[in-house]
Amino acid sequence: MNYTPCRIFCVGMNYAAHIRELKNEVPEAPVIFMKPATCLVAPGKRIAIPAHGHDLHYETEVVVLIGREGRPRTEAEARAAVAGVTLGLDLTLRDVQAALRKQGHPWEACKAFDGSAPLGIMAPCPPDLDLGRLAFTGSVNGVVRQRGHTDDMVFSIPALIRHLARMWTLLPGDLLYTGTPEGVGALKAGDRVTVEAPWCGTFTWTVEQ
Ligand code: ZN
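Residues numbered from 1 in each chain as written. Predicted model: local features only at pLDDT ≥ 70, side-chain atom pairs only at ≥ 80, totals over all residues. Heavy atoms only, no water.

A. Expanded view of the overall build of the protein chain. Looking only at helices and strands, the protein chain features five helices and 16 strands. Here the C-alpha radius of gyration of the protein chain, 16 Å, is about what a compact globule of 209 residues would show, namely 17 Å. Counting every position in the protein chain, which comprises 209 residues, the buried fraction comes to 51%. Sequence separation of 24 or more characterises 77% of the internal contacts of the protein chain that already satisfy a separation of 6 or more. (Helix = DSSP H or I, 4+ residues; strand = E, 2+ residues; numbered from the N terminus. Rg over C-alpha atoms; globule rule 2.2 N^0.38 Å. Buried < 20%, exposed > 50% of the residue type's maximum accessible area, 1.4 Å probe, protein only. Contact = heavy atoms within 4.5 Å.)

Right, dumping it as C-alpha cells:
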C-alpha cells in the first residue's frame, strides 16, 4: 500500500524471552525510542555495516502503519488507527549499545544510524485481522533464527499505541516497530537476512561491508 513515512517509533524490550537473553529486566512501561525516516531501507536493498561499530544485530519486528491523525485513548480506537502491517528489522549495533547503556547515554548511535530500519512492503490491515495473533520468522542465510508471535508481547500493539498517544498526536504515515522476540544475533558481510509471515509476505536484505 502507498504511504509517505512520517516518524518511526520503536519499542525496546517487549518480549520476555528476548529481555532474558540480553539479561535485562522487564520494564514497567514501554521503552520508546525513535529513528529518523531516512533510516528506512526497502526490501531487496543492501544493508551496510556502519563504520562506528562492529557487532551489527538483526532484530525481526512486526511494524504497524498509523493511518489517521489522533490520540487514541481506548483499545478500540488504537486498533482502528492501524492502517497497515508488515515486518522489518530494527538493526542494532550491540557493542555500541552496551557502551551507551553503561554511560546512561541515549541510543541514537546504536539504533538510528543510516540504514538501520529495513522495512517490508506494508500490507493493508483489515479490521478483522487480530494483531495479537501474528506469527513471523526471521532467518539468516536460510536458517530460521527468530520465531515470534505477537501474543508473547509484554505490551500489546494497541497498548503501545495508547502509550505513544499520551506523548504525541499520531499522524498518518507514522510507523511503529513493536520489539523483537528472542534469537537476535550478529550479521557479517555477505549474509542474507529474511523476514517472513503469511500475512505480509517475504522480504530479504543482503549485508555488505
Ligand atoms: Zn528492537
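B. Focus on the coordination of the zinc ion. Taken together, E59 (OE), E61 (OE) and D90 (OD) make up the protein donors of the zinc ion, found 1.9 to 2.1 Å from the metal. Since its relative accessible area comes to 0%, E61 is described here as buried. Judged by its relative accessible area of 0%, D90 is buried. (Donors = N, O, S within 2.8 Å, 3.2 Å for Na, K, Ca; no water.)

C. Layout of the pattern of salt bridges. Here the structure, examined in full by the defined rule, presents six salt bridges. Put simply, K35 and D90 hold a salt bridge, and the shortest N to O gap is 2.7 Å. Pair noted here: K35 is in strand β2 (residues 31-35) and D90 is in the loop between β7 (82-89) and β8 (92-93), with a separation of 55 residues, a long-range link. The exposure class of K35 is buried, given its relative accessible area of 3%. Linking K188 and D191 is a salt bridge whose minimum nitrogen-to-oxygen distance equals 3.0 Å. Note on K188: relative accessible area 52%, which makes it exposed. With a relative accessible area of 4%, D191 lands in the buried category. A cluster of three or more residues bridged by salt bridges with shared partners is formed by K35, E59, D90, R94 and K111. (Salt bridge = Lys/Arg side-chain N within 4 Å of Asp/Glu carboxyl O.)

D. Inspection of the sheet that holds strand β15 (residues 192-197) at higher detail. One open sheet holds the five strands; their spatial order is β4-β16-β15-β11-β12, and the pairing between them is mixed. Looking at which strands have only one partner, the edges of the open sheet turn out to be β4 (46-48) and β12 (143-149). Within this sheet the neighbouring strands show an average axis-to-axis angle of 25 degrees, counted without direction. Where strand β11 (residues 135-140) lies against β15, four bridges are found, and the strand directions are antiparallel. Residue pairing for β15: G138 is matched across the bridge by V195. (Pairing = 2+ DSSP bridges. Axes fitted to C-alpha atoms, helices over the stretch in contact; angles between N-to-C directions.)

These figures capture arrangement, not role.
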